[in-house]
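Okay, here's what each chain looks like letter by letter:
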Amino acid sequence: MPRLSEVITALDALWPPSRAEEWDSVGTVCGDPDAEVTRVLFAVDPVQEIADEAVTLGADLIVTHHPLYLRGTTTVEAGTFKGRVVHTLIKNDIALHVAHTNADSADPGVSDALAGALDLRITGPLVPDPSDPAGRRGLGRICELDHPETLREFAARAAARLPRTAQGVRVAGDPDAVIRTVAVSGGSGDSLFGQVRAAGVDAFLTADLRHHPVSEAREQSPLALVDAAHWATEWPWCEQAAAQLDAISERHGWGLRTHVSRTVTDPWTAHAPSVSTPSISGAPN
């Protein structure tokens with residue numbers, strides 16, 4: 001069986017920490033470099049549910065997309081929810097490794113997995129990495145549909161193929177508009193509106209879209225916007241990452257067993273659709 005340090009070396013080759021954004025916190029959070037690794041659990045969020053799942057599974061390593069400590073900390077006291085995660089992992093000899101923005105811009109990366117889940121044909125990155133001579137790395141992906149469909153149909157495609165969440169999929173734009181080209185970006189993507197408009201695509205699928213950026217984007221162009229849950233747009237990466245580690249394990253004869261968590265760690269738990277419209281004066285209908 002490989003040691004943790006060997007597995008981490010392989011993961012860092014897939015998602016080099018040097019390619020993470022300056023503000024990000026990636027890499028190994030806890031774990032003994034000399035410990036043997038037999039089972040690896042992939043998940044989006046390093047929350048207590050995932051730590052408990054790893055204990056039940058008998059995993060030696062958890063690989064998550066989101067950091068546990070993005071902005072640092074002064075304590076891992078078990079009375080705090082993050083400290084409790086750390087205590088659970090260390091007590092059970094489970095390591096935690098994070099690949100966040102370095103996985104976003106990788107080739108393949110988070111947005112490749114998202115495009116794959118939606119069965120889209122990728123034509124290139126939305127924001128190319130200037131350090132990649134092949135022009136494949138970068139944030140987001142520009143894609144083509146296999147055949148034109150309405151925005152309503154494309155949103156239904158996303159709702160059917162991404163993991164189910166309380167939010168579902170929201171749309172800004174004419175539901176009957178024809179969609180041929182799409183930009184996708186796993187996770188929060190409204191900072192990329194300028195690049196999406198420059199790409200000239202018909203629609204942009206991402207997550208965490210806010211009122212003012214969406215309102216302004218819709219005023220500036222006919223670009224259709226499709227907003228899925230943050231967790232749902234990044235979960236497909238877990239399956240892609242597990243497959244990548246499987247290939248490495250087979251090549252080295254490690255015999256690793258990889259697992260992808262099906263635990264829904266999206267924080268939203270229910271959705272109540274609006275059923276009435278207030279009058280212009282504000283009086284009840």
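Here's a quick rundown of the structure. No experiment lies behind these values; they were computed from the predicted model shown.

What about the sheet that holds strand β4 (residues 95–98)?
Here comes step 1: The strand order across the open sheet formed by five strands is β1-β4-β3-β2-β11, and the pairing between neighbours is mixed. The open sheet terminates on both sides in strands that have one partner only, identified here as β1 (27–30) and β11 (257–260). In this sheet, neighbouring strand axes are inclined to one another by 25° on average, regardless of whether the strands run parallel or antiparallel.
Here comes step 2: Each of β2 (39–43), β3 (61–64) and β11 touches helix α2 (residues 48–57); the most contacted strand, β2, lies at about 155° to it.

Describing the nonpolar core
Here comes step 1: W15, F42, L61, V184 and W237 are the most contacted members of the largest nonpolar core, which has 49 residues in total.
Here comes step 2: It is helix α9 (residues 230–252) that provides the largest number of residues to this core, a total of nine residues.
Here comes step 3: Setting aside anything within four residues of it in sequence, one finds V184 in contact with S111, L114, A115, L118, L120, G140, R141, C143, F204 and L205.
Here comes step 4: Among the nonpolar cores identified, the runner-up in size contains 15 residues, and A43, I50, A51 and V85 belong to it.

Description of the sheet that holds strand β6 (residues 138–150)
Neighbouring strands of a sheet are bound in pairs by backbone hydrogen bonds; such pairs are parallel or else antiparallel.
Here comes step 1: Pairing is mixed in the open sheet, where six strands are placed in the order β5-β6-β8-β9-β10-β7. The open sheet has two edge strands with one neighbour each: β5 (121–128) and β7 (169–172). Each strand of the sheet is rotated relative to its neighbour by a mean of 25°, with strand direction disregarded.
Here comes step 2: Relative to strand β10 (residues 224–228), β7 runs antiparallel, the two sharing four bridges. In the strand pairing of β10, R170 is matched with D227.
Here comes step 3: Across the sheet, helix α8 (residues 211–220) lies against β7 and β10, angled at about 155° from β10, the strand it touches most.
Here comes step 4: Against the sheet, α9 engages β8 (178–188), β9 (203–207) and β10, with an angle of about 90° to β8.

What counts, and at which threshold
- Residues numbered from 1 in each chain as written.
- Predicted model: local features only at pLDDT ≥ 70, side-chain atom pairs only at ≥ 80, totals over all residues.
- Heavy atoms only, no water.
- Pairing = 2+ DSSP bridges.
- Helix = DSSP H or I, 4+ residues; strand = E, 2+ residues; numbered from the N terminus.
- Axes fitted to C-alpha atoms, helices over the stretch in contact; angles between N-to-C directions.
- Contact = heavy atoms within 4.5 Å.
- Core = buried A, V, L, I, M, F, W, Y, C linked by side-chain atoms within 4.5 Å.
- Buried < 20%, exposed > 50% of the residue type's maximum accessible area, 1.4 Å probe, protein only.

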